[in-house]
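# Structure at a glance
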Amino acid sequence: MRRFAPRCPLALWTGLLAATLGGEASGVHARETDRPNIVLILADDLGWGDLSYNGRIQWSTPHLDDLAARGARFDRFYTAGVVCAPSRAALLTGKNPIHCGTWRNDHDLPAEEVTIAEALKAKGYHTALYGKWHQGRPTREGGTRTHPLDQGFDETFGFLSATHAWEKFPNHLFNGRDRVEVPQGRYADDWFTDKGVEFIARHKDDPTPFFLYLPLTSTHFHIEAPEDEIAKHRSTFSDPIQTAYAAIVTRMDAQVGRIVQAVRDAGLEDSTLIVFTSDHGATFEGGSKEASSSLDSNHPFRGQKRTVYEGGIRVPGIMTYPGVIPAGRIVSTPVQTIDLLPTFLELAGGRPEPDWKVDGLNILPLATGREAETFPERTLFVEWRSEGYDSLAAIRGDYKLVVERAGKPELYHLPSDPAERINWAATRKTILQTLMDDLTRFMADHPDGPLTVNAPSPGVTLREHPLFKKNPNHGQLTPR
């Protein structure tokens, strides 16, 4: 599973860009035969509306604002899962959760799946993970779980368990496979950022490129932050939970700034792709103590984590790569976290092997603007049929289909209605049928059994449709 087809696309991309960027051509040509370093920073439960470039006014996120201004900002960047394990597995493998064996939050990433780290390591990259790794239930022989060191990472430091990662001030972490005691009172994401800064400095003069994956724990509960960061927000908020949440976001922004500065200090800015996103939208669940709900973190969208509405799945998406990705570019084409693996491989001079069955696409044409008009139209999917939920979504172009508990389909035109208030299913039958047909094909692969979605007769919900019967094991509907 760790084989590669040789390819050299970067020279082609940079050569094309050199022809169009005029005065910047020399910087592009300097990297024609080089593979970029890649830094991927992942937030946890970060709401779309928590960043000041998306309209937040109670606090500012200057480092992320600057990152977005200096590269491509994806305004329709979607996660592939509505909770941590499926979302992170999809990001790392380039495959929808139902295709990479991790469609529930307690699933462990199967060892046979190829991750970004494994794929890049096969291209000669140094790889590191500092932060949160989400292990699921033991599924391997002997009751063991998949470890990031077995998935292509040369070094790791942080959390292995999702619940352990709730601790903002842990007393122990894992250095590789070894549990290590750490001084209590130190903020977890500060540890991970320190490690990332040190890793970048270590590779300053190394001709071998690196992949740094920094999955932070911000803004996932517990709602706690360092006292010096909280103090910055006391004049704005009277509520201590809101104060702490604001501090979590601004501390995360400062940590992004530290990583960017480390890249600059190492003289690697022009040879490094930096990507920032979140695993899904903010949660309004009890553990957040009403922090993100009272602050409307997913504004202007409907929904939250564990829903397939925009608030649950549309997340910030930023890519910077000076001289290759133009500054100030705004991308409105829908893309998904599954697209990162093939995009990174394109820049590394490779491509996914066919037997990996990657679902994502290389989105470099959208980020650069070169050949963006020929980027294929496709349908993106998100499903969540676990923990008592039964939610499906299909997104194509301007339209989005939502089916909740196999009820009446909901069809939204997102450019004019990002809050998903107006259901066009009754009148826009052609796009409705297209999306329902696409969703039917997608769900045919579901490991828990297929779900056939057909347009119901007027006034008849899918739950009442004769093609369906109740599945007592999962609470969803399956064909007769």
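See the structure printed just above.
Rules behind the numbers
- Residues numbered from 1 in each chain as written.
- Predicted model: local features only at pLDDT ≥ 70, side-chain atom pairs only at ≥ 80, totals over all residues.
- Heavy atoms only, no water.
- Buried < 20%, exposed > 50% of the residue type's maximum accessible area, 1.4 Å probe, protein only.
- Helix = DSSP H or I, 4+ residues; strand = E, 2+ residues; numbered from the N terminus.
- Pairing = 2+ DSSP bridges.
- Axes fitted to C-alpha atoms, helices over the stretch in contact; angles between N-to-C directions.
- Parallel < 35°, antiparallel > 145°, perpendicular 65-115°, else oblique.
- Contact = heavy atoms within 4.5 Å.
- Nonpolar A, V, L, I, M, F, W, Y, C, P; charged D, E, K, R; others polar.

### Here's the deal with the pairing of strand 15 (residues 391–396)
- The element strand 15 is largely enclosed, with a buried count of five among its six residues.
- Direction of pairing for strand 14 (residues 380–384) relative to strand 15: antiparallel, over a ladder of five bridges. Following the sheet pairing, Val 382 is matched in strand 15 by Ala 393.
- Pairing of strand 15 with strand 16 (residues 399–404), which is carried by six bridges, proceeds in the antiparallel orientation. Bridge pairing in strand 16 links Ser 391 to Glu 404.
- Joining the antiparallel neighbours strand 15 and strand 16 is a turn of two residues, in which Gly 397 adopts a positive phi near 60°.

### Quick word on the sheet that holds strand 16
- Taken together, four strands build an open sheet; the order of strands is 14-15-16-17 and the sheet is antiparallel. A single partner strand is all that each edge strand has here, and the edge strands are strand 14 and strand 17 (410–413). Strand-to-strand twist across the sheet, computed as the mean angle between neighbouring axes with direction ignored, equals 15°.

### Some points on the packing of helix 6 (residues 188–202) against helix 8 (residues 240–265)
- At their nearest, the axes of helix 6 and helix 8 sit 9 Å apart, and the two run at 10° to each other. As far as their axial angle goes, helix 8 and helix 6 are roughly parallel. When helix 6 is examined against helix 8, the residues Asp 189, Asp 190, Thr 193, Asp 194, Gly 196, Val 197 and Ile 200 are found in contact with a partner set consisting of Arg 251, Gln 255, Arg 258, Ile 259, Ala 262 and Val 263.
- Looking at the contact of helix 6 with helix 8, its residues break down into five nonpolar, three polar and five charged.

From the geometry alone we can't say anything about function, so treat these as descriptive.
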